[in-house]
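# Survey of secondary and tertiary structure
Here are the chains, one letter per residue:
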Amino acid sequence: MTPDTPADPAQAELHSQFRPAIPPPRRIPWGSLLPVTGLLMVLVAFILGPIWPEGNRAILGDPGTDAIRGMWGLDHVRRSLVPPDTPLWSQQLNFPHGVLALILPFGSAILLSPAGALFGPIFGYNLSLALLLVAAGLSTAWLVKELGGSWASGAVAGAAFLSQPMLLFAISDGTPEHVAVWTMPAFLAATSRALRDRSTAWALGAGLLALLCALDGPYNAIFTAVLGALGLVGPAASSLRGDRSRGSLAGTVLVLASVTGLGAALVALIYANFAFDPVDPAEKARLLQMNAADLHAWWQFDFGPEAPRDASLAPTLMPTGVLVAALLLGLFGLWRSSTWMVAGTICLILSFGWNVYLPKELAQWLGAAGTWAGNWVLTINVKAYALPGIEGIRFPRRFLVPASMGLLVGGALGLDRLWDGLARRLTGPALRGLRVGTVLLLAVTSVGLGLRASRLHRGFPAQPVPQLEFARWLAEDAPSGGVITIPAVRAAPRSGKRADLPVFANLGEGLSSADEQYMQMLHGHPVVGYPKLKSLVPMRIDVDLLTLVRNWDDLSQPITSGTPIPRSAHDETSEPLRQATLDRLRREGLRFVVIDRAAYTDEGFQILLRQLELHTRRVHSFEDGTGVVIVELIDH
């Protein structure tokens, strides 16, 4: 009762009839989406902090990795959204015939296309990786909420998940398809909601998320299937015991199964267009051993001195402090957390693949029991990696990502149970303050442990990228049209390492074999070549065009391989076919021949210019690298 309220009940009722209604203040409680999103964004901004001052001068990823190609992939998907191209078919590659391509992470790349459109491909790539990390943490928090937890405990699980070393390693390795894991917990959360509410609308949403998950990468689909097979047992059982008047469980399951099945058929149809060569059993065994989680690396990263990060060594671990906390909290949350703890543990076992050193490494801790446990894990994995789906995994250590998600979700459910117990003893501001403080402490601590274990800030994975004047001219001042970049093929380095491949015009360190993709990303024109990706198929092979480019490559042999120019590269008898091919290509839209000037002797360069003479509009020279010459062709 307020001081201005009459004491007499009758007067109070009369008073209330004439008192204007005052709406309650709108408050955003801690358990809502907005503050959790803000917290995760701040944590991700800190994790990737060293990249932001670089602007458009550097990208996330170590030199010599797939970072340049990963950046090009996101940009390629964005450009392919503009008609007449489509995300699956594009004329941007293999000009003029185009390609069928599934550039991963396909679904997330489409959703992230505004970042590249607004901020450019370089900063847009860095921002996209940051958004993928935020989405991974936020969808994990949502999963915890849908399983009966709270946004608060979900924020802790999300912060710990997005800072897992293997997830951060995907950033340094330049593989955004392995950073785009947000669809895994999002699908599981939507499915849990659909089963709990018996909602066909949520079932439809879950089916669409399953399609996105599979399109982002086959690993995501496999990981989600393993986690969901056990983790969703609880929501399914609750739905069976739920109020039967809320909706049809059979209808919900039917919609979910139908949409997921149609999505699986669509994905299978898409993947059927690409040739994936079967792996030799001996090679498969080698990959399952070499790419497995390694306890020695685990100890080295988690317990060893904080030496600078070794870019060639994958941090195959969950931070021990995070793992122990998740296990203890998960045990406290039994039985609700049990299925997620089991699912996470199974993924942890699968991460060791066929690591034959596991029994010996466990024996150092547990003696004879460790040897037995290691052999038991290997026995399980030999059978597991023969199962459909799992047999396609070639990097078992990536199972550490779903393993951490399952264990962290179970731990978060246990944390909620702990808070429920405290709620009986504390009320009001004290409880809210304790919860907020605990969430901030646990989230920041888990991120700190993830950074320490991954050593991300001790040799931050960022590489400068060159700013190319000739690419800027092509993008801003030149007319539209296709581009040939020559020489297209050079002699392989003696080391056989991709990092030692010659870079076009020596444009910059780190471009490696992705130099043509980087140049296309800047100038935006269709190119004759295409990257050698398994998920890319040329629509047609133009033999005459290949012959023309091979001859132009041969003109560079005195520089690129130390051999004389072969007669076939400038044979007069082949000149009519060469000119006819050039004439046809100009009619189809070829407009530029971009030449690495230092790759040609004066003789070879003059032969090249003579062959192009009848088709040349003007010649442009640029000082990028060791020199770039662009022959602009006449518009047919």
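Here's what I pulled together on the structure shown here. Computed from a predicted model, the values in this text were never measured in an experiment.

## A short note on the nonpolar core
Of all hydrophobic cores here, the largest spans 146 residues; its most connected members are Leu48, Phe399, Phe470, Leu507, Tyr518, Val628 and Ile630. In terms of residues, this core owes the most to one element, helix H6 (residues 121-146), which gives 12 residues. When neighbours within four sequence positions are excluded, Leu48 is seen to be in contact with Leu60, Ala130, Leu133, Ile171 and Phe460. Core analysis: the next-biggest nonpolar cluster, separate from the first, contains 25 residues, Leu545, Val549, Trp552 and Ile595 among them.

## Brief notes about the pattern of salt bridges
Taken as a whole, this structure holds 24 salt bridges when the rule is applied. The salt bridge involving Asp75 is made with Arg79; its shortest N-O contact spans 2.8 Å. With Asp75 and Arg79 both in helix H3 (residues 67-80), this residue pair falls 4 residues apart, about one helical turn. A relative accessible area of 5% means that Asp75 is categorised as buried. Here Arg79 falls in the partly exposed class, since its relative accessible area comes to 25%. Taken together, the salt bridges that share partners define one network made up of Arg591, Arg617, Arg618, Glu632 and Asp635.

## Considerations on empty space enclosed by the protein
Summed over the entire model, instances satisfying the criterion amount to 6 cavities of 30 Å³ or more. If you add up the space inside the largest cavity, you get close to 100 Å³. Around the largest cavity, the lining residues are Met71, Leu74, Asp75, Arg78, Ala109, Leu112, Ser113, Gly116, Pro121, Gly124, Tyr125 and Ser128. Counting only elements with at least two residues in the lining of the largest cavity, the list comes to H3, helix H5 (113-119) and H6.

## Overview of the packing of aromatic side chains
Tallying each qualifying case throughout the model produces 10 aromatic pairs. Ring geometry for Tyr385 and Phe399: centres 6.5 Å apart, planes at 85°, overall edge-to-face. Highlighted residues: Tyr385 in the loop between helix H19 (368-384) and helix H20 (400-423) and Phe399 in the loop between H19 and H20, separated in sequence by 14 residues. On the basis of relative accessible area, Tyr385 is assigned to the buried category, the value being 1%. Grouped by ring-pair contacts, the aromatic residues Tyr219, Phe223, Tyr385 and Phe399 constitute a single cluster. Lying across the ring of Phe395, Arg398 places its NZ or CZ 5.5 Å from the centre. Taking NZ or CZ as reference, Arg597 lies 4.1 Å from the ring centre of Phe605, over its face.

## A few points about the pairing of strand S7 (residues 590-596)
Judged by how many residues are buried, S7 sits mostly within the fold: 7 of 7 residues are covered. Relative to S7, strand S5 (residues 482-486) is paired through 5 bridges, and the arrangement is parallel. Counterpart to Ile486 in the pairing with S7 is Ile595. Examined bridge by bridge, S7 and strand S9 (residues 628-633) share 5 bridges and lie antiparallel to one another. The residue bridging Val594 from the neighbouring strand is Ile630, located in S9.

## Topic: helix H14 (residues 281-290)
All of the buried residues along H14 are Lys284, Ala285, Leu287 and Leu288. Seen end-on, H14 carries its buried residues on one side only, within an arc spanning 165°.

## Notes on the sheet that holds S7
Strand pairing in a sheet takes place through backbone hydrogen bonds and is either antiparallel or parallel in direction. A sheet is described by the order of its strands in space; here 4 strands give the open sequence S5-S7-S9-S8, paired in mixed fashion. Strands at the two margins of the open sheet, each flanked by one partner only, are S5 and strand S8 (616-622). The average undirected angle you get between the axes of adjacent strands in this sheet is 20°.

## Quick word on the sheet that holds strand S3 (residues 99-101)
Taking strand neighbours across the sheet as the criterion, the 3 strands line up as S2-S3-S6 in an open arrangement whose pairing is antiparallel. Only two strands of the sheet have a single neighbouring strand rather than two, namely strand S2 (89-90) and strand S6 (536-538). Pairing geometry for S3 and S6, over 3 bridges, is antiparallel. Across the sheet, residue Leu100 finds its bridge partner in S6, namely Val537.

What counts and what doesn't
- Residues numbered from 1 in each chain as written.
- Predicted model: local features only at pLDDT ≥ 70, side-chain atom pairs only at ≥ 80, totals over all residues.
- Heavy atoms only, no water.
- Core = buried A, V, L, I, M, F, W, Y, C linked by side-chain atoms within 4.5 Å.
- Buried < 20%, exposed > 50% of the residue type's maximum accessible area, 1.4 Å probe, protein only.
- Helix = DSSP H or I, 4+ residues; strand = E, 2+ residues; numbered from the N terminus.
- Contact = heavy atoms within 4.5 Å.
- Salt bridge = Lys/Arg side-chain N within 4 Å of Asp/Glu carboxyl O.
- 1 Å grid on protein atoms, 1.4 Å probe; cavity = no way out; pocket = protein on both sides within 12 Å on 5 of 7 lines; lining within 4 Å.
- Points joined across faces, edges and corners; volume = space filled by probe spheres on them.
- Phe/Tyr/Trp six-rings, centres within 6.5 Å; stacked < 30°, edge-to-face > 60°.
- Lys NZ or Arg CZ within 6 Å of the ring centre and 35° of its normal.
- Pairing = 2+ DSSP bridges.
- Arc of directions from axis to C-beta.
- Axes fitted to C-alpha atoms, helices over the stretch in contact; angles between N-to-C directions.

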